[in-house]
Every structure is written in structure tokens, then in C-alpha cells.
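Each chain, written out:
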Amino acid sequence: MTQAAQALPARIADLAALDELMSRPSPELAQALQQTPGDILVLGVGGKMGPTLARMARRADPGRRVIGVARFSEPGLREQLQQGGVECIAADLLSREAVAALPDAPNVVFMAGRKFGSTGSEWLTWAMNAHVPALVAERYAGSRIVAFSTACVYPFVPTAGAGAPESLPPTAPAGEYANSCVARERMFQHFSHLHGTAGRLLRLSYAIDMRYGVLHDVAQKVLRKEPIDLAMGHANVIWQGEANDWALRTLAHCTTPTSALNLSGPRVSIRELAREFSQRLGVAPVFTGQEAETAWLVDCSEAFQLYGPPKVELHRMLDWTADWVQRGGASLGKPTHYEARDGKY
């Protein structure tokens, strides 16, 4: 059942309900997939967003072959995906031989990458974020490739402006992670120019999951009366289910050569988020620092022209998140470090 056919809930009861909601396709997705026939290969399906994106693709077109590739180090994930109709292949994408052995597919969604843990093993971060894209771009030169990137490729921009547009060159500030993500984009661009590969580079900013994300981080800090650093005073956020939906719909909007597309929702103020959670949780927020005049912000007007404004609005995500954390709902235990301005993760 599509999101349009089933009203959004007032609360998200449990993990099963969360998974269903984040993998619920829109009617527009089903229509878009008609323009991109053939198998869908999801590389890096074992990450935060991969499982729900793969299941969404399958739900949107139950007759479509959806193949998920990962190391599958998380117990039970492979079995869960297979129950949802997603074929699974265990492979190490750092291996040229393993990438070469993967099945052909006209539609590739690239979600592999490394962020957390970068400090101290920067070489692995660069290998995952630059070497693997080169292997994949070469292997799937004849496919459409929608590759996840990040808003971190941009420099900080004034908070008083509209955010970084896609036309702003990706010159990341200091930090191994952000700069390796610029390299990831350059690898896909190189092979796209070389082979005429159609694609898009999705510069995603903060997909919201009840167990992870900027809203989760701020709500937890309010509830625990922990100081909230305001230095990075603004961010863009989008519901993860909507980010999944837009990413898959982007298969029908690939360009040759590949080009960037900012993917997120409207900007939010961290201070205002804390105040909203304060009202919902009945706990006064504790602030530290002051908002800087710059932040990682993106202008998503091009995505809004393609897909319309986000259907899951901020107030609903706030209600869901406050209820979830107040009930002691599950957490992935991975802070986003949205407040970090030094690029270290």
C-alpha cells in the first residue's frame, strides 16, 4: 500500500512499524520505475538506509528483481531482506574480483561508503569512498548509476542564504571524510565522462530515522539534560522514507555525464528544534556556544521541482521522535556529530 493510500500514523509504535513506514513507496515511485526497466542492484545495502530502500524498490514493483550487495556482517539482515523479496549477494566491494563477479544490472544504486571511525584509519575511508567508486563506475559503465554522496562535499555557506546549490564547486572544508567524498564524486564523474555513463550524485543531508539522525540526537540531549552545542546552528533534514523514495525516482532523472542533486528537506534551527522538543518532553534544553554564521546547508530547490516538497513535514517528525525517545525506543547508538565543524568523525 502506498503512502498516499495510507495515512501517516500519529506515532510509530515499534521497529516493525518503523521499517514498514520507511520502506513504503509512493505512487510516483511506481510510475517512475516504469521508465527504468530491468534489475535494480543496490551496492552497500547493509548500511543505515540500504535495507529500507531495497525493500521499497521491491514493494513499488513486486515483479522487479532487486539485488542487494553487502558484507552482511549484521546478524539476521540477509534473511530479513530475502523475506522481503530482495536477493542478496555477500561481497567485499574493495575486491576488484568480487565487483567483477557481480551480476549485470541496468539500474545501480550505490550506497557504499565510510564515515564513522574515519579518524585513525583514514586510509580505509579513502579506499571505501574513492577506490570502490572507481571499481564500480568501471564495472557498470553501461548502467544508470545513482550514487549517494553527502552535503559535506560543500564548503560551509552563510546561514542567511538559500544554502549551497549544485552549481557550487565541491570544495570541502578540512577533514579526511569530507574530502574523500569529493574524491568519490570525481571518480564517478571521470568514468561517466569516459564511458558516457548516465547517473546522478545525490548530495544527501541528514535522513531522519527514529533511531538515528539530527532530530534523534537533539531529542536525546534534551531528555538527558545534556548540553546542546549551537556552533553548527542549522541543518537540513528529510524523512528517511522520503529520501529512499526520491533516490529511487532519480533513476528516471539521470544525466549524461552524471550530475549532482541535493537531497534533503527545508533547513531547521538546532535551537528551535531543542525548544520544540522541550515542549513535547517537558524538559528545559541546556545550550552551549553560539550559532556560527556559516553551516553545511543545501539548496534543494531542484529536487523540489522534480519531486515536490517533502510530504512528511517537520512537525510530524518532531512528534514521532519525541514520542519514540520518551518511550525509550531503540537507538543505533551512532550520533551524527552534526555539530562537528572540524570534519573529524
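For the structure, see preceding data.
As a starting point, this report considers the structure included with it.

Thresholds applied
Residues numbered from 1 in each chain as written. Predicted model: local features only at pLDDT ≥ 70, side-chain atom pairs only at ≥ 80, totals over all residues. Heavy atoms only, no water. Core = buried A, V, L, I, M, F, W, Y, C linked by side-chain atoms within 4.5 Å. Buried < 20%, exposed > 50% of the residue type's maximum accessible area, 1.4 Å probe, protein only. Helix = DSSP H or I, 4+ residues; strand = E, 2+ residues; numbered from the N terminus. Contact = heavy atoms within 4.5 Å. Salt bridge = Lys/Arg side-chain N within 4 Å of Asp/Glu carboxyl O. Pairing = 2+ DSSP bridges. Disulfide = S-S within 2.5 Å. Axes fitted to C-alpha atoms, helices over the stretch in contact; angles between N-to-C directions. Parallel < 35°, antiparallel > 145°, perpendicular 65-115°, else oblique. Left-handed = near helix turned anticlockwise from the far one by under 90°. Nonpolar A, V, L, I, M, F, W, Y, C, P; charged D, E, K, R; others polar. 1 Å grid on protein atoms, 1.4 Å probe; cavity = no way out; pocket = protein on both sides within 12 Å on 5 of 7 lines; lining within 4 Å. Points joined across faces, edges and corners; volume = space filled by probe spheres on them.

The next thing to look at is the nonpolar core. Within the largest apolar cluster, 35 residues are counted, with the highest numbers of intra-cluster contacts made by Val42, Leu53, Leu81, Val109, Phe148, Leu204 and Leu248. Per-element accounting of this core gives the leading share, five residues, to helix α3 (residues 50-60). Beyond its immediate sequence surroundings of up to four residues, valine 109 is in contact with Ile40, Leu41, Val42, Leu43, Leu53, Val146, Phe148, Leu248 and Leu251. The next biggest cluster of nonpolar side chains, apart from the first, holds 32 residues, and it includes Leu21, Tyr206, Trp239 and Leu281.

What follows is about the pattern of salt bridges. Using the criterion set out here, one finds 20 salt bridges in the structure. Of the charged contacts in the structure, one is a salt bridge between glutamate 20 and arginine 24, with a shortest N-O distance of 2.7 Å. According to the relative accessible area criterion, arginine 24 is buried, its value standing at 3%. Here glutamate 276 makes a salt bridge to arginine 280, at a shortest N to O gap of 2.7 Å. Here the residue glutamate 276 and the residue arginine 280 both occupy positions in helix α10 (residues 270-281), the gap between them amounting to four residues, near one helical turn. Among the charged side chains, a salt-bridge network with shared partners connects Arg11, Asp323 and Arg327.

The subject of this paragraph is the pairing of strand β4 (residues 107-110). Side chains of β4 alternate between two faces, with Asn107 and Val109 and Val108 and Phe110 buried alike. By the bridge criterion, four bridges tie strand β1 (residues 40-43) to β4 in an arrangement that is parallel. Residue pairing across strands places isoleucine 40 opposite asparagine 107, the latter belonging to β4. The pairing of β4 with strand β5 (residues 144-150) spans four bridges and is classified as parallel. Bridge pairing in β5 links valine 109 to valine 146.

Moving on to unusual backbone geometry. Excluding glycine, a negative phi dihedral is what most residues carry, and trans is how most peptide bonds are arranged. Backbone torsion omega between threonine 256 and proline 257 reads 0°, so that peptide bond is classified as cis. Within the element layout of this structure, proline 257 appears in the loop between α9 (240-249) and β12 (259-263). For phenylalanine 72, which is not glycine, the phi torsion reads 55° and is therefore positive. Residue position: phenylalanine 72 is located in the loop between β2 (66-70) and α4 (77-83). If you check the backbone angles, tyrosine 206 has positive phi at about 55° while not being a glycine. Residue tyrosine 206 is classed as buried on the basis of its relative accessible area, which comes to 17%.

Overall, the coordinates contain zero disulfides when judged by the stated rule. Take cysteine 152: it sits in no disulfide, and the sulfur closest to it among the cysteines is that of cysteine 181, at 6.7 Å. For cysteine 152, a relative accessible area of 5% corresponds to the buried category.

Running from amino to carboxyl end, helix α6 (residues 122-139) crosses helix α7 (residues 176-195) at an angle of 10°, the nearest separation of the two axes being 8 Å. Considering the angle they form, α6 stands roughly parallel to α7. In the packing of α6 onto α7, the handedness of the crossing is right-handed. Contact residues: α6 offers Glu122, Thr125, Trp126, Asn129, Ala130, Pro133, Ala134, Val136, Ala137 and Glu138, while α7 offers Glu176, Tyr177, Asn179, Ser180, Cys181, Ala183, Arg184, Met187, Phe188 and Phe191. Of the residues in the contact of α6 with α7, the class split is 12 nonpolar, four polar and four charged.

In this structure, the second largest pocket occupies an estimated 190 Å³ of space. Taken together, 14 residues form the lining of the second largest pocket, with His216, Asp217, Gln220, Arg224 and Pro335 sitting closest to its centre. For the lining of the second largest pocket, the residue count by class is two nonpolar, six polar and six charged.

Quick look at the pairing of strand β7 (residues 199-204) now. Along β7, six of the six residues are buried, which leaves the element largely enclosed by surrounding structure. Residues of β7 alternate between two faces, with Gly199, Leu201 and Arg203 on one and Arg200, Leu202 and Leu204 on the opposite face, all of them buried. Looking at chain direction, β5 and β7 are connected through six bridges and run parallel. Its bridge partner lying in β7, isoleucine 145 is registered against glycine 199.

What follows deals with helix α8 (residues 214-224). Across the 11 residues of α8, nine count as buried, placing the element largely inside the fold. Residues of α8 that are buried make contact with β8 (207-208), β9 (227-229), α10 and α12 (314-326). Trailing α8 by a residue or two, lysine 225 shows a phi angle of about 60°, which is positive.

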